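Given next are the chains, with one letter for each unit.
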Amino acid sequence: MIFNRKSRSLTSSILLLAVAYIFLIRLPLGRLHTYQLYHPRPTPVLNSHISSPNAIHLNASTERYPVTSYIPLPTHPSAIPRIQYDFPPESKRERNQRVKRQKAVKEAFMHAWNGYKSHAWMRDEVSPSSGRYEDSFSGWGATLVDSLDALVIMGLDKELEIALEALEHIDFTTTFSHEVNVFEIVIRYMGGFLAAHDLTEGKYPILLQKATELGEMIFNCFDTHNRMPQSRWDWSKSAQGEEIEPSERMALAELGSFSVEFTRLTQITGDPKYFDAVQRISDELEWSQNATRIPGLWPVWVNADQLKFDMGEFSLGGCADSAYEYLPKEHILLGGQTDQYRDMYTMAIEAIKENLLFRTMTKDESRKILFTADVRALRGGELQYVQHVQDHLKCFLGGMVGIGAKVFDRSEDMAIARGLTDGCIWGYDQMPSGIMPEIMKVSACEDMDNCPWDEDRWYNEVMASPVNTPEGREKAREVIELEGIPPGVLSLRDPTYKLRPEAVESVFITYRITGDKSLQEAAWRMFQNIEKATRTKYGHSAIEDVRTAVPEHTDKMESFWLAETLKYLYLIFSEPDHISLDEYVLSTEAHPFKRPSGYV
């Protein structure tokens, strides 16, 4: 009998445990408070080349052209005018709507982040449709590092912990890449480390450790006869003690866009060599600025080996953009201690206004839609041609001009900043998908202040010939309908959308400067349209053609989608003091660097 009671007792215990187990596993995850269930550690997709014992490593090496005296970092900041609007308290209805939209952006971020975690952890990018991965930037985990500060900004503390643990396994002394794209590595990796370090107030030593490791590694690309960098750096030559040379054909942005990251690294570590490296470049840019074919502007392509700036192509789009963007931002980060960047910006913005800025002819004559042209200049300054094209990459300009207007007391430029920002909003609103294309050609006004809509002129420009008969107009209408060209646009040179952030960047900055709520509405339209067109199983994908309501995906999601585009959208719907422009400088990759104490 006793045996039987024990059997029944044991059987009952087993049944109770089974029931309890079933009950527990059916509970919602939020009721269990189990870290592993909430945030499972992803499995790294390892790179066998880097872990190979035969891999080349760039360790400590002797400089061929050492610096004997470093240019000192300015240390006594002065006051800089405020940038942000003095926002009044929001109503309960406004707050509820803002928070709801912010949550939607955060959900999109988590969708893409989880796709990366699950299928490309510690590689550069996830392929968002197929679930494969791609190494575009040396295979050190570009999306992981680029997204670090976004995790902090969005309050994703557990995700940040997982990311921080992974950083221990990144080895910046070796890569499978034959060449290292120095510009992209600095803005994505170093920017990510430094911003997360600043936002967490130095709480996690691994962040500064990795920023310094990368700085030590990448600094070798400056070991040339004139201390100008080799932009597509053959790092294995440096690793094996061979000489490298500066690039003879180098994009202006690749030369002039290290200043903010390297300056911040010097400010944090106290090591002067990083600031010295970029200040030498800034000095060369300053000395050459008024000796180019368009004084005040630098050509898109420069010869860094011979320090020649005499090529004829000028643009504010890709290959040039961030060199201009960093003029006011470096001024802010240095606390206005030197007039060098103010003077360079002043010369540049005046030359932009005189030579590149134009108004677009649109049906909405109440708004002054502004863009900038691409030009080719002959020696002597005569313009050989002017192309009225708008690149998505140029959409950073509204934010840059707005910041410049505030910090340099150029109030007259605020209307230009707004016109440039409105131009990119217009570019989004005109397309069937609600998304602006990569490159479009537009109709330029002859008069900046008086530009009525002229249908016949638009037809003429679309057809590139006079259209003065009913048959000609009908033909023009057929071409416009066939090619999906909205009013004011002449052609779409590149109809793709690559998940770029520049338009929402300027919307964010202009909103923070002006407080205009209509900019939040524009950003919400942009987000909804982008989310609808780009969402895939494992993230969000670039698309083939913005003229298509349901566009084809290209299976490409660069790290800036998480690091910039969604971060800017999240901040647009944040409280205004969250990453205030009076407390932080945002890099060209949207990484916020703390303005040192006393710099406001």
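Residues numbered from 1 in each chain as written. Predicted model: local features only at pLDDT ≥ 70, side-chain atom pairs only at ≥ 80, totals over all residues. Heavy atoms only, no water.

As recorded in an unreviewed UniProt entry, the protein goes by alpha-1,2-Mannosidase and comes from Penicillium decumbens. For the protein, the Cofactor (unreviewed entry) comment in UniProt is given as "Ca(2+)". (UniProt positions renumbered as here; feature names shortened; annotations may be inferred.)

### Things to note about helix H19 (residues 470-483)
Counted at 1.5 Å a residue, the expected span for H19 with its 14 residues is 20 Å, and the 20 Å between its end C-alpha atoms agrees. Listed as buried for H19 are Gly-472, Ala-476, Val-479 and Ile-480. Buried residues in H19, looked at end-on, bunch into an arc of 100 degrees, giving them a common side. Exposed side chains of H19 directed beyond 90 degrees from the buried face belong to Pro-470, Glu-471, Glu-481 and Leu-482. On its buried side, H19 packs onto helix H18 (455-463). Directly after H19, the chain includes Gly-484, whose backbone phi takes a positive value near 60 degrees. (Helix = DSSP H or I, 4+ residues; strand = E, 2+ residues; numbered from the N terminus. Expected span 1.5 Å × (residues − 1). Buried < 20%, exposed > 50% of the residue type's maximum accessible area, 1.4 Å probe, protein only. Arc of directions from axis to C-beta. Contact = heavy atoms within 4.5 Å.)

### Let's talk about the sheet that holds strand E11 (residues 383-387)
With antiparallel pairing, three strands are arranged side by side in an open sheet as E7-E10-E11. With partners counted over all chains shown, the strands left at the sheet margins are strand E7 (313-314) and E11, one partner each. The pairing of E7 with strand E10 (residues 374-377) spans two bridges and is classified as antiparallel. If you follow Phe-314 over to E10, its bridge partner there is Val-375. (Pairing = 2+ DSSP bridges.)

### Observations regarding the UniProt feature "active site" (unreviewed entry) in the protein
Per the UniProt annotation, the sites labelled "active site" (unreviewed entry) are Glu-184, Asp-321, Glu-438 and Glu-502. Inspection of the secondary structure assignment puts Glu-184 in helix H8 (residues 182-199). Looking at Glu-184, the relative accessible area reads 17%, which means it is buried. Those residues within four positions of Glu-184 in sequence are excluded, and the remaining contacts are Phe-137 and Tyr-189. Relative to the elements of secondary structure, Glu-502 occurs in helix H20 (residues 502-514). Given the relative accessible area of 10%, Glu-502 is considered buried. Ignoring sequence-local partners within four residues, the contact set of Glu-502 consists of His-392, Leu-393, Cys-395 and Phe-396.

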